[in-house]
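The chain contents come next:
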Amino acid sequence: MTCLIVEDEPLARNLLVSYVEKLPSLQLVEACANPLAALEILRNQPIDLLFLDIQMPEITGLNLLKILHHKPLVILTTAYSEYALEGYELDVVDYLMKPISLERFLRAVEKASKRRAPQAPAPAPEPPAPAPVVAPRPENVAPPEKAASPFVFIKDGTKLVKVRWDDILYIEGLKDYVAIHTRQQKIVSLQRLKTLENLLPADNFIRVHHSYIVALEGIDAVHKNEVQIGQSLIPISDTYKKAFREFIDRNHIQPE
């Protein structure tokens with residue numbers, strides 16, 4: 001894949017160049033310190049993969065991405081986790097937090113390669129062999145010492161944040177990221193919603209939508225097709241409606 005690096009910090013730019021040079025699958029076209037120079041390159045030749053810093057002078061990486069008519073695959077690089085949600089609304093491949101390790105860089109490039117590769121037709125399914133079901137181990141969640149632990153450590157950028165189950169209001173899934181909305185803050189972490197769902201206490205949390213899990217303690221009201229948590233309205237999809245209603249009925253005082 002031809003690739004372009006757009007990074008105004010010399011040390012970060014040189015690090016990315018050194019990583020690209022380690023991979024025969026990547027061909028570096030240019031490493032730009034100026035986003036306007038990168039824009040000129042993107043307008044005049046095809047680029048397969050763009051490593052794009054967010055915080056830059058003159059124009060931010062996200063604004064540069066928004067004005068491109070023909071977008072390459074994009075891997076964002078930044079020191080600020082709060083931009084992750086906006087980046088994924090622009091359909092980026094991955095989001096690398098600085099300082100970027102070689103291992104994390106390789107995983108991001110692998111994601112880009114899979115997205116770029118044409119999808120082969122799926123083989124005919126074979127009867128599955130019986131096997132024990134093993135829950136996937138989360139990459140960015142430190143496993144609790146025991147199931148009854150009232151908290152979990154969540155990786156937010158380069159730090160681990162202690163999150164108590166009782167503080168969580170709801171969790172939103174965004175492709176490979178989750179946004180955990182607590183009473184005090186919002187935490188963005190690189191992991192799938194299903195992985196985190198496997199850790200949540202089943203009596204206190206319920207999935208109401210492909211992209212949302214809500215906490216029983218956080219629910220202020222239940223409408224016909226929505227859950228109200230503070231000022232937020234969380235949709236209830238048809239897929240999860242029956243299970244959600246049964247969950248609510250178990251905690252609902254019926255009139256005599």
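Cut-offs used in this document
Residues numbered from 1 in each chain as written. Predicted model: local features only at pLDDT ≥ 70, side-chain atom pairs only at ≥ 80, totals over all residues. Heavy atoms only, no water. Helix = DSSP H or I, 4+ residues; strand = E, 2+ residues; numbered from the N terminus. Buried < 20%, exposed > 50% of the residue type's maximum accessible area, 1.4 Å probe, protein only. Contact = heavy atoms within 4.5 Å. Areas by Shrake-Rupley, 256 points an atom, 1.4 Å probe, with all protein chains shown as cover. Pairing = 2+ DSSP bridges. Axes fitted to C-alpha atoms, helices over the stretch in contact; angles between N-to-C directions. Salt bridge = Lys/Arg side-chain N within 4 Å of Asp/Glu carboxyl O. Expected span 1.5 Å × (residues − 1). Arc of directions from axis to C-beta. UniProt positions renumbered as here; feature names shortened; annotations may be inferred. Core = buried A, V, L, I, M, F, W, Y, C linked by side-chain atoms within 4.5 Å.

Points about the overall build of the protein chain
Counting its secondary structure elements, the protein chain contains seven helices and 16 strands. In the protein chain, which comprises 256 residues, the share counted as buried stands at 44%. Put simply, of all contacts in the protein chain between residues at least 6 apart along the chain, 50% involve residues at least 24 apart. Approximately 15,000 Å² of the protein chain is accessible, and the part contributed by carbon and sulfur atoms is 53%.

Comments concerning the sheet that holds strand S12 (residues 205-209)
If you trace the five strands from one edge of the open sheet to the other, you get S11-S10-S9-S13-S12, paired in antiparallel fashion. Each edge of the open sheet carries a strand with a single partner, namely strand S11 (186-190) and S12. Within the sheet, the average angular offset between the axes of one strand and its neighbour, ignoring direction, is 20°. Pairing between strand S10 (residues 177-182) and S11: five bridges, direction antiparallel. Following the sheet pairing, Ala179 is matched in S11 by Val188.

Points about the pattern of salt bridges
Counted under the stated rule, the structure contains 10 salt bridges. In this structure, Asp94 engages Lys111 in a salt bridge whose closest nitrogen and oxygen atoms are separated by 3.4 Å. One end of the pair, Asp94, is in strand S5 (residues 94-97); the other, Lys111, is in helix H5 (residues 102-116), and 17 residues separate them in sequence. Its salt-bridge partner being Glu197, residue Arg207 comes within 2.7 Å of it at the nearest N-O pair. In this pair, Arg207 is assigned in strand S12 and Glu197 in helix H6 (residues 193-197), connecting sequence segments 10 residues apart. Bridged by salt links that share partners, the residues Glu7, Glu9, Asp53 and Lys98 form one connected network.

Considerations on helix H1 (residues 10-21)
End to end, H1 covers 16 Å across 12 residues, agreeing with the expected 16 Å (1.5 Å per residue, within 8%). Buried residues of H1: Ala12, Arg13, Leu16, Val17, Tyr19 and Val20, and no others. Seen along its axis, H1 keeps its buried residues to an arc of 160°; they face one direction. In this structure, H1 carries Leu11 and Glu21 as exposed residues pointing more than 90 degrees from its buried face. Elements that come into contact with the buried residues of H1 comprise strand S1 (2-6), strand S2 (27-32), strand S3 (49-53), strand S4 (73-78) and H5.

Brief notes about the UniProt feature "modified residue: 4-aspartylphosphate" (unreviewed entry) in the protein chain
Mapped onto this structure's residue numbering, the UniProt feature "modified residue: 4-aspartylphosphate" (unreviewed entry) falls at Asp53. Structurally, Asp53 is set in strand S3. Asp53 sits in the buried class, given a relative accessible area of 2%. In contact with Asp53, other than residues within four places in its own chain, are Val6, Glu7, Asp8, Gly61, Thr77, Thr78 and Lys98.

Notes on the side chain of His181
Mapped onto the fold, His181 is located in strand S10. On the basis of relative accessible area, His181 is assigned to the buried category, the value being 16%.

Quick word on the pairing of S12
Where burial is concerned, most of S12 is hidden: four out of the five residues are buried. Bridge analysis of S12 against strand S13 (residues 212-215) gives four bridges, and the strand direction is antiparallel. Paired with Ile206 across the two strands is Val214, which belongs to S13. The hairpin formed by S12 and S13 contains two residues between the paired strands.

Side note on the nonpolar core
One finds Leu4, Val6, Leu50, Leu52, Val74 and Leu76 to be the most contacted residues of the largest nonpolar core, which totals 25 residues. Listing elements by their share of this core, those giving two or more residues are S1, helix H2 (35-44), S3, helix H3 (61-67), S4, S5 and S11. In terms of residue count, H2 provides more of this core than any other element does, four residues in total. The contacts of Val74, once residues within four sequence positions are left out, are Leu49, Leu50, Leu52, Leu65, Val92, Val93 and Asp94.

Remarks on the environment of Trp165
Its location among the elements puts Trp165 in the loop between strand S8 (159-164) and strand S9 (168-174). The exposure class of Trp165 is buried, given its relative accessible area of 7%. Taking the C-alpha atoms as reference, Trp165 lies 8.5 Å from Asn204; in sequence the two are 39 residues apart. Trp165 has contacts with Ser149, Pro150, Phe151, Val152, Leu199, Leu200, Pro201 and Phe205, leaving out every residue within four places of it along the chain.

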